Amino acid sequence: MFININKIHEIQSSWYNWRQNASTITMTLMAFIFACFTGLMAQVSIAVPWSPVLITFQTFAVLMAGTLLGEKYGGLSMILYLIIGVAGVPWFSDANSGISAVLSASGGYLFGFIIAATFTGYVFDHYENARKPLQCFALMLFANWILIYIPGLIGLYFYMTSTGATVTLAKLLIAGVVPFIFGNIFKILLATGISTSILPKED
């Protein structure tokens, strides 16, 4: 059993050890790969009739970017995702691109992605205790519902008011939060399970 535990620790530490020794070019490439992964997950989408925001799998990619790439390159991956999408690559939700996508109903969430990936990576890299299951789950909840959804709701509010709609807090939450509750719980649980399995930690 002792040997097995040591082997598990060795496997869990291997990615961190590799990442710390990787060159800037290599890690920038990894950030680009995660930007591509986020764009791919954006195409896994479901529309709901009462919200202009699509349900996608992007938030899972965001949380995993922070987990695997850390503060600097996790955040960079989401910056690349935003910049390249604005430049014209149609990898935002529903294959959208350009500055119009940033000004759309889901534009605020894109900025939340940068904050969430950066913060998640920072916490995992600096606080080993956060890699334990309960603490990891709490971190994923905070990153998802606070760091992504607050910028997302701010952007959604301005988008809805720009259409001439009267926006109450209840209407904003129904459009920008309620449709995503069950899907995000699933994605948070999935990200937590993967993160706690692969991140090095003390017993």
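Residues numbered from 1 in each chain as written. Predicted model: local features only at pLDDT ≥ 70, side-chain atom pairs only at ≥ 80, totals over all residues. Heavy atoms only, no water.

I would appreciate a short explanation of unusual backbone geometry in the present structure.
For residues that are not glycine, phi is negative in most cases, and the peptide bond is trans in most cases. Non-glycine residue Asp94 carries a positive phi angle of around 60°. Residue placement: Asp94 occurs in the loop between helix H3 (58-87) and helix H4 (99-102). With a phi angle near 60°, Ala95 is a residue other than glycine that sits in the positive phi range. For Ala95, a relative accessible area of 42% gives the class partly exposed. (Helix = DSSP H or I, 4+ residues; strand = E, 2+ residues; numbered from the N terminus. Buried < 20%, exposed > 50% of the residue type's maximum accessible area, 1.4 Å probe, protein only.)

Can you help me understand the environment of Ser77 in this one?
Mapped onto the elements, Ser77 comes out in helix H3. Along the primary structure Ser77 and Gly66 are separated by eleven residues, whereas in three dimensions their C-alpha atoms are 9.1 Å apart.

Could you clarify how one ought to interpret a nonpolar patch on the surface in this entry?
Nonpolar side chains collect at one region of the surface, where Phe119, Phe142, Ile146, Ile150, Ile154, Tyr157 and Phe158 lie side by side and expose about 630 Å² of accessible area between them. With six residues, the single largest contributor to the nonpolar patch is helix H6 (residues 133-162). With respect to the helices and strands, Phe119 occurs in helix H5 (residues 107-126). The class of Phe119 is partly exposed, set by a relative accessible area of 33%. (Patch = residues over 30% accessible without salt bridge, like charges linked within 9 Å, V, L, I, M, F, W, Y side chains within 5 Å. Areas by Shrake-Rupley, 256 points an atom, 1.4 Å probe, with all protein chains shown as cover. Salt bridge = Lys/Arg side-chain N within 4 Å of Asp/Glu carboxyl O.)

Hey, could you run me through the pattern of salt bridges in this one?
Two side chains that carry opposite charge are able to pair once their charged atoms sit near each other. The full count for this structure, using the stated rule, is two salt bridges. Between Glu128 and Arg131 there is a salt bridge, with its nearest N and O atoms 3.6 Å apart. On the basis of relative accessible area, Arg131 is assigned to the buried category, the value being 6%.

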